[in-house]
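# Commentary on secondary and tertiary structure
The primary structure of each chain is shown beneath.
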Amino acid sequence: MSSKPGFNKEVLMDILLRLPPKPLVQFLCACKFWNDLISSSLFVTTHFNLNATRRDNIFLLCLHHQDFERKFDVDDPFVKQDLQWSLFSNETFEQRFKLKHPLGSTEHFGIYGSSNGVLCISDEILKPKSRIHIWNPTIGKYRTVPLSITDDTKFGYIALQFGFHPGVNDYKVVRMMCMDNKAFAVEVYSLATNSWKMIEDVPPWLKCTWEHHQSTFLNGVTYTIIDKCPIITIVSFDSDSEKFEEFVLPDAIWGIWGLHIGIYKEQICLLYGNYCCEEEGMDKNDFWVLQKKGWKQLRPFVFSSDHCYSTMGISVDDELLLEKNDFTVGAADLYLCNYESRQIRETGIKLAYMRYGQNELLFAITYVETLGFLDY
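The notes below deal with the structure included here. As the structure is a prediction and not an experimental result, all values here were calculated from the model.

Here we take up the overall build of the protein. Tallying secondary structure elements over the protein gives 4 helices and 26 strands in all. Looking at the protein as a whole, 51% of its 376 residues qualify as buried. A sequence separation of at least 24 residues applies to 48% of the contacts in the protein between residues at least 6 apart.

This is the structure in C-alpha cells:
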C-alpha cells in the first residue's frame, strides 16, 4: 500500500488522530508511509494531547488476586499469593486486560511509575542488580534499561521514580540509594540516550539515614516523602537541571501513617488523615496543594466513621482513590470519590495486599492508553 499522487497527508493525519492507540499500532504494518507518520514524535505527541482526557482511554491499574476471592491465612508467612496486575474500565469497572511481564517472566513484578501510558517495572523488592524495564503494554513495546555502572552493591536501600519530562521530551528513571552509614547516591536514566548519569552535587542534608515512603513525578520533577527520623519532609529533584529542594510539611502532619502524595489539577498535593474530626461520628482527610514554596490547605474530605475509608491517592482525572479493608478475604475494596461533589462510586474491585515482611501494601493507580514511547 502506498500514498497516491495528490494524497492529502493532513486529511489522513486528522482521521488517524481520532482513533484509539491499538488500531493505530496495527496500521504501522500498512506501509512505510503510514509507519513513518504514526511513529513520528509529532503524531505521538499530538495524539496524546487530543486523547489523554477521553474517558474511554482511562483505566484503573490494580493489583488483585487472580480469582478475586482468594482467601488465605494472613498470619502464615509462607503462603504464596497468586497476584495479578489488570486494567479495569474507569466507567464500568469491568476487567479489560491482564498485564503479563513483557519478557514472559512468571515472577511478580512491581510498578514504579506510570506516565503517558508508559510503565516502569522491576522486581517487587528492589536489589542492587534488579533489571528495570520501560514498557507500554498498550502498544506492546518495551526496553530493558542497561545496568548502571555504579557500584551499587554497598547500598542497602534503593528507591525508583519514573516519569516524563516535557521540557526535554524524554522519559526519566531516578534511582536513589542509601545505607546506614549515610552513604547516599542519585542517578538518572534517560530513555533518549539509553544511559545513566550519576548526580555529583547532592546536598549535605540528604546524606543521612532515611526511608523513602511515596513519590510522584510532575513535569520532570520527582517529589518524595522522606522520613529522616524524626523529621519528615518532601524532597524534590529536577531530573533535567539536577537540582534538589526540600519542603517542610504542614504543621498538622505529624506522622507517616495516613500520609499520601499525589497530583491534583497539575499541582503537587498531600492527603493526610482518616482520623476523627470536629463533627461527632465523622472522619476526615486533610488536603493541601503546593503553591510556589508553600502549602495551601483545601477543604477536607469528611465522611462517616462507619465507612472506614482510607485514601490511597488521586487519579489522573482528579478523583480520590479510597480503600476499605475486607479482612474476611485478605483484600480491600476500591472506591472512587469526586472531591468537588463528594460523590463516591463503588468499583467492586478487590485489591490484594502485597506483603513485604511485616508491611502490607495496596496498589491502584490510573492508566491512560496512549502511543507513548512509540517514537523512541
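Right, picking up where we left off after that structure.
In this section: the sheet that holds strand β11 (residues 195-198). Taken together, 4 strands build an open sheet; the order of strands is β8-β9-β10-β11 and the sheet is antiparallel. The open sheet has two free edges, formed respectively by β8 (157-165) and β11, since each of these has just one partner strand. Taking the axes of each pair of neighbouring strands and ignoring which way they run, one obtains an average angle of 20° across the sheet. The sheet contact formed by strand β9 (residues 170-178) and strand β10 (residues 184-190) spans 7 bridges and is antiparallel. By the bridge assignment for β10, M177 is matched with A185.

Turning our eyes to something else, we now look at helix α4 (residues 41-51). Within α4 the residues assigned to the buried category are F43, V44, H47 and N51. The buried side chains of α4 occupy one side of the element, clustering within an arc of 100° when seen end-on. Along α4, exposed side chains directed more than 90 degrees from the buried face belong to L42 and N49. Contact partners of the buried residues in α4: α1 (9-16), α2 (21-27) and α3 (32-38).

The rules behind each value
- Residues numbered from 1 in each chain as written.
- Predicted model: local features only at pLDDT ≥ 70, side-chain atom pairs only at ≥ 80, totals over all residues.
- Heavy atoms only, no water.
- Helix = DSSP H or I, 4+ residues; strand = E, 2+ residues; numbered from the N terminus.
- Buried < 20%, exposed > 50% of the residue type's maximum accessible area, 1.4 Å probe, protein only.
- Contact = heavy atoms within 4.5 Å.
- Pairing = 2+ DSSP bridges.
- Axes fitted to C-alpha atoms, helices over the stretch in contact; angles between N-to-C directions.
- Arc of directions from axis to C-beta.

Worth remembering: the numbers are spatial, not functional.
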